[in-house]
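Notes for the structure review
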Amino acid sequence: MQRACLLAAVLIVASGALYHFWLRDSSLVAVNHVEVTGLTSKDGPRIQAMLESVADDMTTLHVRTDELEEAASTFPVVGAIHVQPDFPHGLRIEVTERPAAALVSIDGVPLPVAADGTVLRGLRPPEGLPLLEMEKPLADTRVSDPSTLRAFLVAGAAPAGFPQRIDGMSEGPEKGIVVELENGPEVIFGDADLAAEKWTAAVRVLADSDAAGATYIDVRLPDRPVAGGLPVETVDPVAPAGDVIAPPAEPVTPDATAAAEDGTIPPATTTDPATTTPAPEVPTVPQP
C-alpha cells in the first residue's frame, strides 16, 4: 500500500514537472493564430500587428497577459484588453478602446480626449462632440489643466446621446460646473464628483413633463434634483435642498377681546358659518 502511494506521488510530481517545464511551452500548443477584435482607430492595424508579434512567443497553455497589456498600453487609445486562449493553437484578444468624452483643439486640429484627459490620437470620435478650451498646454499626451480635466470628467459621464447635446461648459465659484444643453436648460453640477449620478438625475427631470420649460436643473444633490425657472415649480422637490419653506400666514381677525364699556373683558368667540343657526325672521305688521 505504501509503495502504491509513493508511486502515485512520484507520477504526480513527474506529470507536473513535465507540464511546467515542457508541455505548456511546447510547440504542440504554440499560438499560431491570433484574432484581434474591437479596434476602430486608424492605428488599428499597428496595434493588431504588435499584439500578434508579442503573442507569437506564447502557447495556449502559457499566455502571458501582462506582456500583452504592457505592449497595448503604448497606444493611448487602448483602454483594456481581454485575452482568451483557444486550445490548441488559437488566441482571442478583445480590445476595449477608450471612449472620447469631448474634443480639444491642438495646433488648430480638433482631437478627441478621454474622460481621464488622455488625448486619443487616431481615434475616430462620434459626430457632434463638444469642443472644450484648455487654459494650459498639454503635458505629453494628456490634458493637464485641472478645470478642463473636471469638464472632461463630467462630459465623459454623460449617457449616450447627451455629449452631442452639450452646447457649452463653464465653471464658476458660485455654481461650479454648468453644462449648457442645446435647446434645453443649463444643468448645474457643482463639482465633478458623482458625475454619472448627477447626469441620471438630470435625465430623469428632463423626462418629467412637469419640468417642461425649466431654465435650469440643479443636480448638485443628485438625490434631490431641482428644476427652476418655471412659472409654478412642480417637480418634487420644488425647492433647493436645505431651503426651509415657511407656513402660510394665518388671516388676521378683529380683536374679539376688546374691553367692554363697563371694564369687563368678554370671552373670545368664533363664528362658524357652517354651524351657526340664522336668527328667525320677525314678521312685520302693516300699519293702519
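Report follows, based on the coordinates. Owing to the predicted nature of the structure, the values given are computational and were not obtained by experimental measurement.

As a further point, take the sheet that holds strand S5 (residues 109–113). Remark on secondary structure: sheet strands pair via backbone hydrogen bonds, oriented parallel or antiparallel. Spatial strand order, S5-S4-S6: three strands in an open sheet with mixed pairing. With one partner strand each, in any of the chains shown, S5 and strand S6 (131–132) form the two edges of the open sheet. Looking at chain direction, strand S4 (residues 102–106) and S5 are connected through five bridges and run antiparallel. Pairing of Val104 across the sheet is with Leu111, part of S5. Contacting S4, S5 and S6, helix H4 (residues 146–156) runs over the sheet at an angle of about 145° to S4.

Glancing now at the environment of Asp116. If you trace the backbone, Asp116 turns up in the loop between S5 and S6. Looking at Asp116, the relative accessible area reads 30%, which means it is partly exposed. With residues up to four places along the chain from it excluded, the contact list for Asp116 reads Arg98, Arg142 and Leu149. Only 3.0 Å separates the side chain of Asp116 from the side chain of Thr118, close enough to count as a polar contact.

Right, let's get into the pattern of salt bridges. One pass over the structure, following the stated rule, counts ten salt bridges. In this structure, Glu171 engages Arg150 in a salt bridge whose closest nitrogen and oxygen atoms are separated by 3.0 Å. On the criterion of sequence distance, the pair formed by Glu171 in strand S7 (residues 166–172) and Arg150 in helix H4 is long-range, its members being 21 residues apart. You can call Glu171 partly exposed: its relative accessible area is 40%. Here Lys198 and Asp191 are joined by a salt bridge, their closest N and O atoms 2.9 Å apart.

Looking along the chain, the bond that leaves Phe87 and enters Pro88 is cis, with omega of 10°. Summarising the element assignment, Pro88 is placed in the loop between strand S2 (78–86) and strand S3 (90–97). Located in the positive-phi region is Asn183, a residue other than glycine, with phi close to 55°. Structurally, Asn183 can be placed in the loop between strand S8 (176–181) and strand S9 (186–190).

About the cut-offs
- Positions within a chain are numbered from 1, following the residues in the order the chain's sequence is written.
- For a predicted model such as this one, the threshold for reporting local features is a pLDDT of at least 70, and the threshold for listing and counting side-chain atom pairs is 80 or more; totals across whole chains, interfaces and linings nevertheless cover every residue.
- Calculated side-chain values reflect all of the structure's heavy atoms, with hydrogen atoms and water omitted.
- Note on pairing: two strands pair once DSSP finds at least 2 bridges between them.
- A run of DSSP states H or I qualifies as a helix once it reaches four residues; a run of E qualifies as a strand once it reaches two. Both are numbered from the N-terminal end.
- Throughout, a residue-residue contact means that at least one pair of heavy atoms, one from each residue, lies within 4.5 Å.
- In this analysis, axes come from line fits to C-alpha atoms, helices being fitted only over the stretch in contact, and the angle between any two N-to-C directions falls in the range 0 to 180 degrees.
- Type-normalised accessible area, obtained with a 1.4 Å probe on protein chains alone, sets the label of each residue: buried when under 20%, exposed when over 50%, and partly exposed for intermediate values.
- A 3.5 Å cut-off defines polar contacts: any pair of N or O atoms within that distance qualifies, except that in protein one atom must be a possible hydrogen donor and the other a possible acceptor, and neighbouring residues in sequence count only when both atoms are side-chain atoms.
- Salt bridges are defined by distance alone: a side-chain nitrogen of Lys or Arg within 4 Å of a carboxyl oxygen of Asp or Glu.

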